[in-house]
Amino acid sequence: MNCEYVDQLLPLYIGRDLEAERSALVAAHLQSCPQCARAAGEYEGVNGLLQEFEPPLFSDAIYRGIRRQVLNEIERTSQAPAWSSMLSRLFGPLVQPRAIAITAAVLLATLIAASYFVIQRSQPSREQVAEGRRAVELNANSSNAGVQSNPQPSSSPSDRSSEKASSRPGVVGSKRLPRRETSVVAVAQRRELRSRTPVARVETSANVFQTPSAPAPLRVEMQTSDPKIRIIWLSDRSQTGAKDASKG
Amino acid sequence: MSTEATSGAYDFAVAREERLPVNALTQQQTSLALLIESALAGDMAAFEQIMIHSEQKVMRMTWRMLGNEADARDATQEVFLRVYKYLGQFKRDQDFFAWLYQITLNVCRSMSKKRRNYSVQFTSIDAGGNEEGLEMFAQTPDVEETLIRAQKRELIVRAMATLPEKERAAILLRDLEGFETDEVARIMSSTSTTVRSQISSARKKIKLYCERYLKKRGATVI
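Residues numbered from 1 in each chain as written. Chains lettered and ligands numbered in written order. Predicted model: local features only at pLDDT ≥ 70, side-chain atom pairs only at ≥ 80, totals over all residues. Heavy atoms only, no water.

Participant: Looking at this model, I keep getting lost on the overall build of chain A. Mind explaining?
Facilitator: The number of helices and strands found in chain A is 11 helices and 3 strands. Walking chain A from its N terminus toward its C terminus, one meets helices and strands in the order α-α-α-α-α-α-α-α-β-α-α-β-β-α. Partitioning the intrachain contacts of chain A with sequence separation of at least 6 by distance along the chain shows that 56% fall at a separation of at least 24. Here chain A has roughly 15,900 Å² of accessible surface; of this, 57% comes from carbon and sulfur atoms. (Helix = DSSP H or I, 4+ residues; strand = E, 2+ residues; numbered from the N terminus. Contact = heavy atoms within 4.5 Å. Areas by Shrake-Rupley, 256 points an atom, 1.4 Å probe, with all protein chains shown as cover.)

Below, the structure written as structure tokens:
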């Protein structure tokens with residue numbers, strides 16, 4: 001048994017917490033090792049020092065006060081109504097600070113999630129916003145190819161009237177529509193196409209209104225925050241050309 | 001409801017060597033058993049007797065665990081409220097004081113969680129305003145011996161304040177209250193191996209603290 005091992009066992013040996021066999025071995029080692037014997041003496045001193053760990057003297061008045069408080073509390077709780085004690089048993093744990101903090105955190109998280117969903121539903125979807133941006137971009141790119149509101153390339157009175165309608169800026173897709181049959185048909189077609197895919201609608205409208213001979217009007221589409229409302233600006237590059245086309 | 005103890009009426013086994021289970025055939029334990037039965041039947045005088053004969057032990061334990069008188073008083077009140085509440089669950093074949101210390105440690109643990117720091121306020125003879133200490137000092141024939149004891153007390157109080165709660169409880173129950181290691185393990189709801197380890201660690205830390213403390217002050221003897 002070496003000194004290092006004995007040093008580990010000394011705290012238990014001094015307090016008589018070591019089993020008999022190992023205690024005898026430690027005792028034998030201490031007989032022959034002055035250093036370990038000195039360490040054992042220091043532990044004995046600590047054990048004696050521990051007996052000095054006494055609280056101050058508490059007066060009888062303190063003890064009487066404690067007893068009085070306890071007996072008063074027992075009497076108070078015994079006189080409490082049955083429903084009061086039942087409520088305190090049921091909701092007592094909830095009054096603990098930790099339970100209150102957890103409950104508050106859960107309520108806050110629920111409130112944040114609910115607010116998020118409400119805001120998401122009130123805003124237009126990303127698809128609708130993207131559709132509007134694509135429409136603006138495509139129409140800006142296809143402005144040179146020529147876009148007219150006339151669905152048919154051949155000149156006809158209905159075509160001429162819809163060309164006139166296309167020269168004026170207006171709101172398409174809302175209740176304020178030009179009273180032209182061809183324009184109404186075009187709008188109906190656009191509505192039908194819009195309900196399908198935005199890309200197809202844009203392409204179709206571009207093909208419908210395109211005429212090889214007429215100069216391409218400037219067409220700008222703007223999607224408002226309301227998905228049902230879209231602003232389409234049609235500006236004829238040449239007012240004289242449009243008038244000739246309508247006459248002719 | 002009586003508020004003063006009837007001295008000598010009930011004699012409990014409060015000495016370290018006489019701590020025995022309740023069912024031992026002695027007058028003291030029989031008296032304790034009778035008091036418990038009476039208290040369970042609603043006799044508040046009997047419960048008060050139980051408090052009178054165990055309050056000093058509880059108060060000492062709470063002060064040693066919590067370190068100051070105010071917390072010790074609050075903890076002692078809470079201990080006896082729990083004793084009254086759970087007296088019906090006390091098993092007649094177990095040691096009443098072991099059961100009492102179990103409740104005491106649980107209460108002290110709960111209070112320690114509320115307070116993060118273990119603040120120890122010790123009574124020093126040379127501290128100002130301690131009339132009781134000064135009076136005791138003046139009446140002591142051996143002033144030097146008293147001063148040495150006061151210094152030792154200060155040293156051990158500081159050393160105990162550095163221990164973790166479980167190690168402090170283990171060493172208090174073993175070295176100051178005299179419980180066997182197995183009893184300490186039952187009180188602390190632990191195992192004997194763990195308790196031995198905690199006791200060994202506590203003694204080492206106290207020794208190391210005392211050596212450093214004395215070395216700083218140029219002393220070598222505890």
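Participant: What's the story with unusual backbone geometry in this structure? I'm lost.
Facilitator: Backbone phi values are negative for most residues with the exception of glycine, while trans is the configuration of most peptide bonds. At Arg-16 of chain A, a residue that is not glycine, the phi angle is positive and equals roughly 60°. Tracing the chain through its elements places Arg-16 of chain A in the loop between helix 1 (3-14) and helix 2 (20-32). Judged by its relative accessible area of 70%, Arg-16 of chain A falls in the exposed class. The phi torsion at Ser-189 of chain B lies on the positive side, around 55°, for a residue other than glycine. As for its position among the elements, Ser-189 of chain B is in the loop between helix 9 (181-187) and helix 10 (192-216). (Buried < 20%, exposed > 50% of the residue type's maximum accessible area, 1.4 Å probe, protein only.)

Participant: Is there a simple way to think about the pairing of strand 2 (residues 218-223) of chain A in this case?
Facilitator: Sheet faces and side chains relate simply in a regular strand, where the side chains alternate between the two faces. Residue and element names in this part refer to chain A. The sheet contact formed by strand 2 and strand 3 (residues 230-235) spans 6 bridges and is antiparallel. Considered in strand 3, the bridge of Glu-221 is made with Ile-232. Here strand 2 folds back onto strand 3 in antiparallel fashion, the turn holding 6 residues. (Pairing = 2+ DSSP bridges.)

Participant: Sorry if this is basic, but what is going on with the packing of helix 4 (residues 69-86) of chain B against helix 5 (residues 96-114) of chain B here?
Facilitator: Packed helices, taken two at a time, are described by their axes: the angle between them and the distance between them. All names here are of chain B. Contact geometry for helix 4 and helix 5: axes closest at 9 Å, N-to-C directions at 130°. One finds that helix 4 runs oblique with respect to helix 5. Like other packed secondary-structure pairs, helix 4 and helix 5 cross with a definite hand, here right-handed. Touching Asp-71, Asp-74, Ala-75, Glu-78, Val-79, Arg-82, Val-83 and Tyr-86 of helix 4 are Trp-99, Leu-100, Ile-103, Thr-104, Asn-106, Val-107, Ser-110 and Met-111, all from helix 5. Considering only residue class, the contact of helix 4 with helix 5 consists of 9 nonpolar, 3 polar and 4 charged. (Axes fitted to C-alpha atoms, helices over the stretch in contact; angles between N-to-C directions. Parallel < 35°, antiparallel > 145°, perpendicular 65-115°, else oblique. Left-handed = near helix turned anticlockwise from the far one by under 90°. Nonpolar A, V, L, I, M, F, W, Y, C, P; charged D, E, K, R; others polar.)

Participant: Sorry if this is basic, but what is going on with the packing of helix 1 of chain A against helix 10 of chain B here?
Facilitator: At their nearest, the axes of helix 1 of chain A and helix 10 of chain B sit 8 Å apart, and the two run at 100° to each other. Taken together, the axes of helix 1 of chain A and helix 10 of chain B are roughly perpendicular relative to one another. Of helix 10 of chain B, the residues touching helix 1 of chain A (which contributes Asp-7, Gln-8, Pro-11 and Leu-12 of chain A) are Arg-196, Ser-200, Arg-203 and Lys-204 of chain B. Tallied by class, the residues present in the contact of helix 1 of chain A with helix 10 of chain B amount to 2 nonpolar, 2 polar and 4 charged.

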